[in-house]
Amino acid sequence: MAKSAEQDGIAALLRLAAQLGISDSPPSPSPTLSTNSDHPSSFTSSFPCLGHSLFVFYFPDAGGRGLAAARDLRKGELILRVPKAALFTTDSAMADAKLASCLEKHRHRLSPVQMLAVSLLAEVAKGRSSQWYPYLANLPRSYDTLANFTNFEVKAFQVEDAIGASEKAIALAKSDWKEAVSALKELDLKPQFLTFSSWRWASATISSRTLHIPWDSAGCICPIGDLFNYAAPDEEHSPENSEDTHPDVSVQRLTDGGYEESKSSYCFYARKNYKQGEQVLLGYGTYTNLELLEHYGFLLKENPNDKVFIDLNGGMCTSTTWPKDSLYIQPDGAPSFALLCALRLWATPANLRRLNTTVGEDNRLLSKIDRMIDQYSCLRSAETLYQDNEIRDFFQAHGIKEEGYDYIQLLKARRYLERWKLAIEWRVTYKKTLQSCVFYCESIVCCLPIEHA
């Protein structure tokens, strides 16, 4: 019974999509589709909006309900067009005069996202009288974004960064709701739509389903287009690395979809070659698993873009100017460039501090040794040399007394001095290398874009 109700809901959604002009077919006549009733696309092929390139299917182990390839798809080809009139935005919702008046009144104190959330709740409150009802009825009843986590679930993270991000998301949602509730009341909505629970639902819908549009920072809700499940971007699927990109696709397009003024539509493109029946995915941003949870309510078991952020102790933090969000370990265990720099910056001064002398002191000592090697008279005036602690230690270590030198002792002392000089020269080089590391890591912050870290 539940499955039948879900199919009825999808059928109603596809009928609405067809009425709104949403289509997965090219403008030119489509090739004849297979009439094989065993193929899953047979359900959606009867609706003019889908069936040429895509069909709705359920992937139990890969995101749930999504879109599959109705035929073999070529990387870069246009697979779905959603006209501007089919996008739910604050502007389109303001066709309702009462809502438009309310939003205009509160525009100065509500953010674009809050305004879109108010618009969404106002539309949902219309029930079946809303033209968007077939779409709204197919939205999830609940979400797993961080703002919806309970205190117990938040504590289950155990990691301070994740707990902090969850608490921040919950606090932000509550603050946004308190600021917007007066506008919701002015719309005379039923009490159930004024609650924090309803606000969290609307906010999560916007966070997890909206797509970027150039005229509204809140984005748009895109029927059918929001059925694409997520694929993490990687170099292989980057358009600039494509060797078989469809010739009709602009080389400037760096995402799998976007609003195109020339077509007055939101257009989606195949991110790779797909075989018939494969799930068609959309790479809508580079996210860590925590960010996926925060904004979309899911995570990937294998996420190439995941990061484990390292909270450096106070001593380390004072030795680097790298932003905290650039200090992380990648899934393969490799530290980020910034983290390596930070660790070097922290470790280098520590190593330098553990050494007994500075480069300047060493250079002054080398000058004294040079004079001692070149002038035997310096060795005879040992009482002045003994005033230098390190030179005194040298004499004592080699059994050279302050007075009574003979020629043999002087030759022996000179050989020791020459080897000692080599050791000091090496340590000077070592210290200069450490100092160069500090200078390099500090200067790289200014000249290297952070996204390259």
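Residues numbered from 1 in each chain as written. Predicted model: local features only at pLDDT ≥ 70, side-chain atom pairs only at ≥ 80, totals over all residues. Heavy atoms only, no water.

Draft legend 1. Here's a closer look at helix H3 (residues 97-106). Considered for burial, the residues of H3 that qualify are Leu99, Ala100, Cys102, Leu103 and His106. For H3, the angular spread of buried residues about the axis comes to 165°, placing them on one side. In H3, the exposed positions that point more than 90 degrees away from the buried face belong to Ala97 and Lys105. For H3, the secondary structure elements touched by its buried residues are helix H2 (90-93), helix H4 (112-124) and helix H7 (160-186). Its side-chain oxygen at 3.0 Å from the backbone nitrogen of lysine 98, aspartate 96 defines the N-terminal cap of H3. (Buried < 20%, exposed > 50% of the residue type's maximum accessible area, 1.4 Å probe, protein only. Helix = DSSP H or I, 4+ residues; strand = E, 2+ residues; numbered from the N terminus. Arc of directions from axis to C-beta. Contact = heavy atoms within 4.5 Å. Polar contact = N/O pair within 3.5 Å; in protein donor to acceptor, adjacent residues only side chain to side chain.)

Draft legend 2. Spatial organisation of unusual backbone geometry. Phi is positive for aspartate 188, close to 60°, though the residue is something other than glycine. Turning to its location among the elements, aspartate 188 is positioned in the loop between H7 and helix H8 (196-209). Residue isoleucine 224 is not a glycine yet carries a positive backbone phi of 70°. On the secondary structure map, isoleucine 224 appears in the loop between strand E5 (216-221) and strand E6 (229-230).

Draft legend 3. Up close: the environment of alanine 171. Note that alanine 171 resides in helix H7. Judged by relative accessible area, alanine 171 falls into the partly exposed class, the value being 45%. A sequence separation of 24 residues divides alanine 171 from alanine 147, and the C-alpha atoms of the two residues are 7.9 Å apart.

Draft legend 4. Representation of the sheet that holds strand E8 (residues 265-269) in the model. Read across the sheet, three strands follow the order E3-E8-E7 without closing on themselves; strand pairing throughout is antiparallel. Edge strands, defined here as strands with exactly one partner in the open sheet, are strand E3 (78-83) and strand E7 (257-260). Sheet twist, expressed as the mean angle between neighbouring strand axes with direction ignored, is 25°. One ladder, built from four bridges, connects E7 with E8; its direction is antiparallel. Each residue of the ladder has a partner; that of glycine 258, found in E8, is cysteine 267. (Pairing = 2+ DSSP bridges. Axes fitted to C-alpha atoms, helices over the stretch in contact; angles between N-to-C directions.)

Draft legend 5. Highlighting the side chain of threonine 205. With respect to the secondary-structure elements, threonine 205 resides in helix H8. Since its relative accessible area comes to 0%, threonine 205 is described here as buried. Sequence-distant contacts of threonine 205, that is, excluding residues within four places in its chain, are made with Leu120, Leu139, Tyr143, Thr210 and Ile221.

Draft legend 6. Local environment of the state of the cysteines. Tallied over the full model, the rule gives zero disulfides. Of the cysteine sulfurs around cysteine 267, a residue in no disulfide, the closest is that of cysteine 222, at 9.8 Å. For cysteine 267, a relative accessible area of 0% gives the class buried. (Disulfide = S-S within 2.5 Å.)

Draft legend 7. Region of the structure containing the pairing of strand E1 (residues 54-59). As paired elements, E1 and strand E2 (residues 64-69) share six bridges and run antiparallel to each other. Paired with phenylalanine 59 across the two strands is glycine 64, which belongs to E2.

Draft legend 8. Examining empty space enclosed by the protein more closely. Tallied over the full model, the rule gives one cavity of 30 Å³ or more. Here the largest cavity defines a volume of roughly 40 Å³. In terms of lining, the largest cavity is formed by Leu13, Arg65, Tyr135, Asn138, Leu139, Arg209, Asp226 and Leu227. Residue classes in the lining of the largest cavity are distributed as four nonpolar, one polar and three charged. (1 Å grid on protein atoms, 1.4 Å probe; cavity = no way out; pocket = protein on both sides within 12 Å on 5 of 7 lines; lining within 4 Å. Points joined across faces, edges and corners; volume = space filled by probe spheres on them. Nonpolar A, V, L, I, M, F, W, Y, C, P; charged D, E, K, R; others polar.)

Draft legend 9. Geometry of the pattern of salt bridges. Considering all chains together, one arrives at 10 salt bridges under this definition. In this structure, aspartate 256 and arginine 271 form a salt bridge, with 3.0 Å as the shortest nitrogen-oxygen distance. Of the two residues, aspartate 256 is situated in the loop between E6 and E7 and arginine 271 in the loop between E8 and strand E9 (281-282); the sequence distance between them amounts to 15 residues. Each member of the pair aspartate 256 and arginine 271 is classed as buried. Look at the salt bridges and you will find they share partners, linking Asp96, Glu123 and Lys126 into a network. (Salt bridge = Lys/Arg side-chain N within 4 Å of Asp/Glu carboxyl O.)

Draft legend 10. Representation of the confidence of the model for the protein chain in the model. In this model, the protein chain carries a mean pLDDT of 79, and residues with pLDDT of at least 70 account for 73%. Low confidence marks residues 29-46, where pLDDT is under 50. Its contacts with residues over four positions away, or in another chain, come to 25 contacts. Throughout residues 447-453 the model reports pLDDT below 50, and contacts reaching past four residues in sequence, or to other chains, amount to nine contacts. (pLDDT = per-residue confidence, 0-100.)

Draft legend 11. Structural context of the packing of aromatic side chains. This model, assessed by the stated rule, comprises 12 aromatic pairs. An angle of 75° between the planes, with centres 5.3 Å apart, marks the rings of phenylalanine 57 and phenylalanine 59 as edge-to-face. Given a relative accessible area of 12%, phenylalanine 59 falls into the buried group. Both rings, one in phenylalanine 88 and one in tryptophan 132, keep their centres 5.5 Å apart while their planes meet at 90°; by these two values the pair is edge-to-face. (Phe/Tyr/Trp six-rings, centres within 6.5 Å; stacked < 30°, edge-to-face > 60°.)

Draft legend 12. Molecular detail of the side chain of asparagine 289. Topologically, asparagine 289 is positioned in helix H9 (residues 289-295). Side chain to side chain, asparagine 289 and asparagine 303 meet in a polar contact 3.2 Å long. Not counting chain neighbours up to four residues away, the residues in contact with asparagine 289 comprise Phe298, Leu299, Leu300, Asn303 and Asp306.

Draft legend 13. Focus on helix H12 (residues 359-374). Helix length check: H12, at 16 residues, gives a terminal C-alpha distance of 23 Å against a target of 22 Å (1.5 Å per residue), a fit within 8%. Among all positions in H12, only Val359, Asp362, Leu365, Leu366, Ile369, Met372 and Ile373 are buried. Seen along its axis, H12 keeps its buried residues to an arc of 125°; they face one direction. Set apart from the buried face of H12 by more than 90 degrees, the exposed residues are Arg364 and Asp374. (Expected span 1.5 Å × (residues − 1).)

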